[in-house]
Amino acid sequence: MKKFLVFLEQREGIVKQSSLSAWNRVQELAALDGNSVVAGILAGPVDTGQLDGAMAGDGVIYHAGEDGLGVYNQERYTRVVADTFTREACTDLFFADTVMARDMAPRLSVRIQASLLSGRTTLDGDDGVSRRVYSGSFQASFVPTRQPRIYILSSSAPVPAFPDGGRINFIDIEPQQWTVEDLFPMVRRIIMGEGPPDVAEARIVVAGGRGMGSAEGFALIEQLASLLGGAVGASRTAVDSGWRSHAEQIGQTGKTVAPALYFACGISGAVQHLAGIGSAGVVVAINSDRGAPIFDAADYGLVGDVHIVLPKLIDLVKEFLKKQ
Amino acid sequence: MNIAVCVCSVPDTASVVGYLDGAIDYSRVNMVINPFDEYALEEALRFKERVEGSVVTVFSFAPDSAKEVLRKALAMGADRAVRVSCSEDALQPSDPFLTALGLSRAISGFYGAILPDLVFCGKQSTDFQSAQVPSMLAELLGMASVSGITSLHPSGEFLRVEREIEGGIEAIDVTFPAVLSAEKGLNEPRNTSIRGVMEARKKTIDLFQVSLLEEPFVVLSGVEPLERKKICCFVPDEHELLRILSHDCNLL
């Protein structure tokens, strides 16, 4: 029998949607296995009432609700998760793909001597993981060699439709004695951005490249993104030219995105950019050069100058949305 | 202050990585320093310029052929370069654990009882993109770590660093010693001068042998080339594009 432990990430007392999705996906995997149980580990003070009806299947959630775990602390979180994993004799640990997971999981892997694999989809019962490497030129298969295993779930895999509202029991974990040494690194402050969604999480991404011509040229990109409720993305050229911040860069040295709809405007389609959009759904390319490699990575192409095409498209989208 | 920097070499993004007999073919590939490691090295050099008497030592767990990356690091201004090698032919760039273990043994062995105050790494290599080595290395060295930093400011006994999180920025205080992994945006790496390159030619690259008998945590069982090409449907105008996206694809 396998015992799956899911890390439930909270910020400011709110459990993240990506963690709830991870929980539901692991429930699906357990159902596929037939003989597995699912448990959760939740660190930080959280009103667990918010989880009523939001989680599928049955399971136990171990809740370390002490105030000292309110904000992420690498050492304390690692210890709470490692202790729970070992005490409850778990076999597999799952994370949603987040910054916190990427910070903590490698440390946990060494501490509990577990194989760590990222990019897993739970739709098959396979222990291994297949993911893209070398800028998306290859699909590589990785196999774990250790018995305890840690998986960071692929954020682009679909979340199963699962009946919500399983029977969840909460078990409180007693506060621990912490020392000053394990206080650092300490999160001092969190500055949340406002407005548009993060490019890595958005359902629609409108990205611009060299063809936008300037920082001002991105006003068109912002307008279309805002109309569609999407996020703004940028190519490396646009970021290196100082037109946009690195947080918006898509590609090998930027983010990997998996939106349902991706607009590449004035982006030529260098290999390092395509590396970031391999998991995107429908790709639309708008470029004045019909020979640009971006069209080989696009589902739909419109040949034309972005400065002429985008204003027209924006007007049409406005009309379309009015009729909705 | 002792500062260690871990670097590796990766295929230049402009190179075509080939496929031959079921394996990746590197014959037409031009190897360069991993871009994220360049940010790590630049930050280490800036630290050295602020704190007098600092020594920057660069480590690379790599075959002899990858020495050029260490030369480049010396040319940028690193004081010493160490190539880490293992006798057991256990060099497996696809297993982050063995890479981290090799580096941790080299760093512990090289510095002896007093570990470096800071270890800089790139947040990930651009080839396998696991992003696991820095935190694993920190755990093995018994140090704290912060992954993917975009800014760093010393403030008394603390280092104030920032990193991007989902939808915002996290400001973190960290104490020495620590492992910090660099994200793009941390700095603008310097160009190497002709003088720097000439001086780097004269410096020796130390060799540090480590013993690695452990099993890897993860094994690469196969690679397949991906056909990325889509068949692009060219649309005549904006009207048709909007009709397809809203009506045919139901995406708007």
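For the structure itself, consult the block above.
So, a few notes on the structure that sits alongside this text. Everything numeric in this text was worked out from a predicted model, so none of it was measured.

Okay, the sheet that holds strand β8 (residues 129-133) of chain A next. Taken in spatial order, the three strands of this open sheet run β8(A)-β9(A)-β14(B), and their pairing is antiparallel. The open sheet has two edge strands with one neighbour each: β8 of chain A together with β14 (218-225) of chain B. With strand direction ignored, the average angle separating the axes of adjacent strands in the sheet is 30 degrees. Sheet topology places β8(A) next to strand β9 (residues 138-144) of chain A; five bridges connect them, and they run antiparallel. Within the sheet, the bridge partner assigned to R132(A) lies in β9(A) and is Q139(A).

Here the focus is the packing of aromatic side chains. With the rule as written, the count across this model stands at 19 aromatic pairs over all chains. For the ring pair Y72(A) and Y77(A), a centre distance of 5.2 Å and an interplane angle of 85 degrees mean the geometry is edge-to-face. For Y72(A), a relative accessible area of 5% gives the class buried. What makes Y77(A) buried here is its relative accessible area of 1%. With a centroid separation of 5.5 Å and an interplanar angle of 65 degrees, the aromatic rings of Y134(A) and F128(B) are classed as edge-to-face. Placement of Y134(A) in the loop between β8 and β9 and of F128(B) in the loop between β8 (118-122) and α4 (133-141) is noted, with the two residues assigned to different chains. Taking relative accessible area as the criterion, F128(B) reaches 6% and is therefore assigned buried. Clustering of aromatic rings is evident, with ring pairs tying together Y134(A), F138(A), F142(A), Y19(B), Y26(B) and F128(B). Looking at R120(A), its charged tip hangs above the ring of Y151(A), at a distance of 4.2 Å from the centre. Positioned above the aromatic ring of F234(B), the side-chain terminus of R290(A) is 4.0 Å from the ring centre.

Okay, the pairing of strand β10 (residues 158-165) of chain B next. Residues and elements named next belong to chain B. The two faces of β10 differ: L159, V161, R163 and I165 on one face are buried, but F158, R160, E162 and E164 on the other face are not. Bridge count between strand β9 (residues 144-155) and β10: six bridges; the pairing is antiparallel. Within β10, the position partnered with S151 by the bridge is E162. Linking β9 back to β10 in an antiparallel pair, the connection comprises two residues, with G156 at a positive phi of about 65 degrees. Where β10 and strand β11 (residues 168-175) come together, eight bridges link them in antiparallel fashion. Residue V161 lies in a different strand from β11, and its bridge partner there is I172. Between β10 and β11, which pair antiparallel one after the other, the connecting turn spans two residues, and G167 there sits at a positive phi close to 75 degrees.

Reading the values: rules and limits
- Residues numbered from 1 in each chain as written.
- Chains lettered and ligands numbered in written order.
- Predicted model: local features only at pLDDT ≥ 70, side-chain atom pairs only at ≥ 80, totals over all residues.
- Heavy atoms only, no water.
- Pairing = 2+ DSSP bridges.
- Helix = DSSP H or I, 4+ residues; strand = E, 2+ residues; numbered from the N terminus.
- Axes fitted to C-alpha atoms, helices over the stretch in contact; angles between N-to-C directions.
- Phe/Tyr/Trp six-rings, centres within 6.5 Å; stacked < 30°, edge-to-face > 60°.
- Buried < 20%, exposed > 50% of the residue type's maximum accessible area, 1.4 Å probe, protein only.
- Lys NZ or Arg CZ within 6 Å of the ring centre and 35° of its normal.

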